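If you want the building blocks of each chain, they are given just below.
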Amino acid sequence: MSKRESASTMSRRGLLKAGLVSATAVSSPVDVQAQAPAPSRPAGPTTPPPNPSAERGDHPEVAVVNGSSGSDYMADVIKSLGIEHVACNPGNLFRGLHESLINYLKIDWHTCTHEEASVAMATGYAKIEGKPLLTLAHGTVGLQHASMALYNAWCDRVPVYMMVGNTVDATKRAPGGEWVHSVQDAGAMVRDFVKWDDLPASLAHFGESAVRAYNIAMTPPMAPVLLVLDSELQERPIPPHEKLFIPKRAKIAPLVGDPGAVSEAAALLVNAANPVIVTDRSARTQAGIDYLVELAEILQCAVIDLGSRMNFPTRHLLNQSDRARAVIAQADVILGLELESFWAATHAFRDSIERYADTLIRPGAKLISISAAHIYQKANYQDFQRFQEIDLVIPADAEPTIAYLSEAVRRLVPADSKAAMVARGERLAASHRQMIKAVKDEALYGWDASPIATSRLAAELWEAIRNEDWSIGAVSSNNRPSWHRRLWDMTKHYHFTGPAAGGGEGYGAPAAAGAALANKKHGRLTVTIQGDGDLMYGPGILWTCAHSRLPVLYVVHNNRAYHQERIVLQRMANRRQRGIDRNHVGTTLEDPAIDYATVAKGLGVASFGPIADPNDLGPALKKAVAVVKRGEPALVDVVSQGR
Amino acid sequence: MRWYFYAIVATTSLSCAHAQEAVRMGDAANGKRIYMADGCAVCHGTVGQGGRGTGPHLAPNPLPFEAFAQQVRRPANAMPPYTTVVLSDAELADIYGYLLAIPPLLDPKTAAILDN
């Protein structure tokens, strides 16, 4: 029996499911004319036309939709994309899709207490799992709440897949709330920092745009996308005679650099005396790390990981991240991989009354940049950073391109230079060992201090989790660079996913929850070193973790301040010589000090602390890890030094 | 406990024209109070351990007083200057007294988890 023949004997949902099953292989037409509606399940519109009697109070019979509504089709399309979870705060303008997702699709749902949290959760999830979940919001107030988190995801090159509800037809809006929640062009508010958006006018249009949006989000440079869903389109029954199908999701080929340019880069690297690789966001998967290790080992060159992702093993002998300036100063060729700012990697900048910068690179050094950012940028928001003169730009996704670059380098390495390269590697290995010793020596400063030193916090946490399959789900932006990246043995791509790329606070806690959702499937233990200021933007995420049984350990770096802001305010007060004893005003979280363990307890999360004695920290972390290993969230409040 | 030290206050670079003239006793307890109140701890930590990206460690074993005072009054890096308008020479000396009072580093064996 052909698919077409089967249509005449199947219900609409069955048809859509049939289309769904084959959606990843072929497009699946659904001929609604072929349906023979059963008497008890009439097809076609059931919403009555405007009725003057209703306005007089003669209420018509409430219409019941027995067939499928538009949002059922939307749910089928969403499922065809491989989306497994929803994270969102509810909103009436997507009630149609909400109902379809929970009752028709029965998708895994995670209730968030703020739209910003839901998008940050989506960001943390995508960084671990490599694909998006679905997040939903009101087209106006919900998207306004979500916008900062979208900006973080944009700066972080993360595929966030977002839909918002809106009522386009003014005559269909209920008075009051639906008017203030409706907007002519919802996407306009965030168009500067989403890669693509659309307002589908029909279900067929939705199907195409949903798949198009997914493909665009997942093509490097990855970025958020937005679909605005008309509430009428969601809620209306599917019109008779409408042919619907689920468009096929494309396999997206790697975005590899031009072979000639890759060969040119390889020649520069092979012929350099001191080539250096600087990476920031080049590894989205384990393959990205493995490719980079291979390239570095062929070249026996220094690698500096700037840490917007986990790109290179922290204990690899070629890792020179903690002595970046010295290494860059000696380089004659610098290969930059997905750098947020090549300029920042090659300059020292002083934030003084007169700001000035010094170049770190020596004259004549050649710079190569491989980045998807060279393919696609926008103008308004300035996340593209300061211009850096580059000798060779390769517009490409670095992760797959590195593999081709390794092959090119391997072909070009002269046999008579291998001994020199080995010697270079040995020098770097010695420097790495010295670097690690210096880090450990540095960690001893303030080891027994109270408030607890951040080095002690990181060391005790490492001791508590190092024998587990662990993942740092996220860190808030002001924790970078930090002890966990300097002290811990990181080898996997999920060991570290980086901070809030847009510097928007309120990211760390929900992003860690999203990471925990992804890691849960793989049996990993998710931990995060959580800034207190960041947590206070949206502590409600702790309830989400409890409600959704997300196994995540929050270790609160509780320095009782917006510490970065306190530093820069103090700098300003010093410049103006107006006294330096009031910089706590507006920058601290004291009087009263916040008891995060009690906050967490109230939100249903097992908690420990506040802990100010460093000798109490290890035992508390051990207990908290035991909770998380049982599948529940836990929080340890650590009264900590500022940095 | 009060800690005392003798220091030659480096007034040459600062508000006075005559150099290396003052010898006084630093009050470690008062120095600690000022260190906390005037923001030293914000960047350098409460026991002078330093902060990654904010400031180097100051103690134990602080710089010689002259070098310390020079850095505070006319910093060589991103640190903002603390002139005598906001921090007197006496207060500076007291802060130095606090840094001198900070105990030496622990034996690394007491932090054995760092080797894991």
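Refer to the structure presented above.
In this report, the structure presented in the accompanying data block is examined.

Overview of the overall build of chain B
Scanning chain B from terminus to terminus reveals four helices and two strands. A separation of at least 24 residues holds for 56% of the contacts in chain B among residues at least 6 apart in sequence. Surface exposure of chain B reaches about 5700 Å², of which carbon and sulfur atoms provide 60%.

Considerations on the pairing of strand 11 (residues 333-337) of chain A
Residues and elements named next belong to chain A. Buried residues dominate strand 11, accounting for five of its five residues. Side chains of strand 11 alternate between two faces, with Val-333, Leu-335 and Leu-337 and Ile-334 and Gly-336 buried alike. Relative to strand 11, strand 9 (residues 275-279) runs parallel, the two sharing five bridges. Counterpart to Ile-277 in the pairing with strand 11 is Leu-335. When strand 11 meets strand 14 (residues 366-371), the two strands line up parallel, connected through five bridges. In the strand pairing of strand 14, Leu-337 is matched with Ile-370.

Focus on the sheet that holds strand 19 (residues 606-611) of chain A
Consider a sheet: its strands pair through backbone hydrogen bonds, and that pairing is either parallel or antiparallel. All names here are of chain A. Within the open sheet, the five strands sit side by side as 16-17-18-20-19. Their pairing is parallel. The open sheet has two edge strands with one neighbour each: strand 16 (470-472) and strand 19. Here the strands of the sheet are splayed against their neighbours by 15° on average, with no regard to which way each runs. Sheet topology places strand 16 next to strand 17 (residues 525-531); three bridges connect them, and they run parallel. Paired with Ile-472 across the two strands is Val-527, which belongs to strand 17. In the packing of helix 17 (residues 454-465) onto the sheet, contacts are made with strand 16, strand 17, strand 18 (552-558) and strand 20 (634-639), and the angle to strand 18 comes to roughly 165°.

Quick look at the side chain of Gln-641 of chain A
In this structure, Gln-641 of chain A sits in the segment after strand 20. A polar atom in the side chain of Gln-641 of chain A sits 2.9 Å from the side chain of Gln-49 of chain B. Ignoring sequence-local partners within four residues, the contact set of Gln-641 of chain A consists of Ala-449, Ser-450, Pro-451, Ile-452, Ala-453, Thr-454, His-557 and Asn-559 of chain A together with Gly-45, Thr-46 and Gln-49 of chain B.

A short note on the sheet that holds strand 4 (residues 134-138) of chain A
Residues and elements named next belong to chain A. Spatially, 3-2-4-5-7-6 is the arrangement adopted by the six strands of the open sheet, whose pairing is parallel. Edge strands, defined here as strands with exactly one partner in the open sheet, are strand 3 (108-111) and strand 6 (196-198). Across the sheet, the mean angle from the axis of one strand to that of its neighbour is 20°, orientation sign disregarded. One ladder, built from five bridges, connects strand 4 with strand 5 (residues 161-166); its direction is parallel. Along strand 5, the bridge assignment pairs Leu-134 with Tyr-161. Strands strand 2 (85-88), strand 3, strand 4 and strand 5 of the sheet are contacted by helix 6 (residues 115-129), whose axis makes an angle of about 145° with strand 2.

Quick notes on the interface of chain A and chain B
On the chain B side, the residues contacting the 33 residues of chain A number 37 residues. With both chains or domains summed, chain A and chain B bury close to 3200 Å², and 60% of this area falls on carbon and sulfur atoms. Inspection of the chain A/chain B interface yields one salt bridge. In this structure, Arg-52 of chain B and Asp-322 of chain A form a salt bridge, with 2.9 Å as the shortest nitrogen-oxygen distance.

Brief notes about the nonpolar core
Membership of the largest hydrophobic core comes to 93 residues, with the highest contact counts inside it found for Leu-405, Trp-488, Leu-553 and Val-636 of chain A. The next biggest cluster of nonpolar side chains, apart from the first, holds 59 residues, and it includes Leu-226, Val-228, Tyr-507 and Ala-546 of chain A.

Remarks on helix 4 (residues 70-80) of chain A
Burial analysis of helix 4 of chain A places 10 of its 11 residues in the buried class, which makes it a mostly covered element. Inspection of helix 4 of chain A places Gly-70, Ser-71, Asp-72, Tyr-73, Met-74, Ala-75, Asp-76, Val-77, Ile-78 and Ser-80 of chain A among the buried residues, and these make up the whole buried set.

Let's talk about the packing of helix 6 of chain A against helix 7 (residues 141-156) of chain A
Residue and element names in this part refer to chain A. At a closest axis distance of 7 Å, the pairing of helix 6 and helix 7 adopts a crossing angle of 25°. One finds that helix 6 runs roughly parallel with respect to helix 7. Seen from above, helix 6 lies across helix 7 with right-handed handedness. Between helix 6 and helix 7, the residues in contact are Glu-115, Glu-116, Val-119, Ala-120, Thr-123 and Lys-127 and Gly-142, His-145, Ala-146, Met-148, Ala-149, Leu-150, Ala-153 and Asp-156, respectively. Looking at side-chain class alone, the contact of helix 6 with helix 7 contains seven nonpolar, three polar and four charged residues.

Quick look at the pattern of salt bridges
Residue and element names in this part refer to chain A. Summed over all chains, the structure comprises 28 salt bridges over all chains. Here Lys-172 ties to Asp-169 by a salt bridge, and the two come within 3.8 Å at their closest N and O atoms. Using a relative accessible area of 42% as the deciding quantity, one classes Lys-172 as partly exposed. Relative accessible area serves as the criterion here: at 31%, Asp-169 is assigned to the partly exposed category. Between Arg-236 and Glu-232 there is a salt bridge whose closest N-O contact spans 3.7 Å.

Concerning the packing of aromatic side chains
Residue and element names in this part refer to chain A. In this structure the tally under the stated criterion is 14 aromatic pairs over all chains. Seen from their ring centres, Trp-343 and Phe-349 are 6.4 Å apart, and the 65° between their planes marks the pair as edge-to-face. When the centroid spacing of 5.6 Å and the interplanar angle of 85° are considered together, the rings of Trp-462 and Trp-470 count as edge-to-face. An aromatic cluster of at least three residues, connected via ring pairs, comprises Tyr-151, Phe-193 and Tyr-381. We note Arg-173 situated over the ring of Trp-179; from NZ or CZ to the ring centre the distance is 4.5 Å.

Concerning helix 9 (residues 203-218) of chain A
Between its first and last C-alpha, helix 9 of chain A extends 23 Å over 16 residues, near the 22 Å set by a 1.5 Å rise per residue. In the core, the buried residues of helix 9 of chain A are packed alongside helix 4, strand 5, strand 6, strand 7 (225-230), helix 10 (231-235) and strand 8 (243-246) of chain A.

About the cut-offs
- Residues numbered from 1 in each chain as written.
- Chains lettered and ligands numbered in written order.
- Predicted model: local features only at pLDDT ≥ 70, side-chain atom pairs only at ≥ 80, totals over all residues.
- Heavy atoms only, no water.
- Helix = DSSP H or I, 4+ residues; strand = E, 2+ residues; numbered from the N terminus.
- Contact = heavy atoms within 4.5 Å.
- Areas by Shrake-Rupley, 256 points an atom, 1.4 Å probe, with all protein chains shown as cover.
- Buried < 20%, exposed > 50% of the residue type's maximum accessible area, 1.4 Å probe, protein only.
- Pairing = 2+ DSSP bridges.
- Axes fitted to C-alpha atoms, helices over the stretch in contact; angles between N-to-C directions.
- Polar contact = N/O pair within 3.5 Å; in protein donor to acceptor, adjacent residues only side chain to side chain.
- Buried area = accessible area lost by both parts, 1.4 Å probe.
- Salt bridge = Lys/Arg side-chain N within 4 Å of Asp/Glu carboxyl O.
- Core = buried A, V, L, I, M, F, W, Y, C linked by side-chain atoms within 4.5 Å.
- Parallel < 35°, antiparallel > 145°, perpendicular 65-115°, else oblique.
- Left-handed = near helix turned anticlockwise from the far one by under 90°.
- Nonpolar A, V, L, I, M, F, W, Y, C, P; charged D, E, K, R; others polar.
- Phe/Tyr/Trp six-rings, centres within 6.5 Å; stacked < 30°, edge-to-face > 60°.
- Lys NZ or Arg CZ within 6 Å of the ring centre and 35° of its normal.
- Expected span 1.5 Å × (residues − 1).

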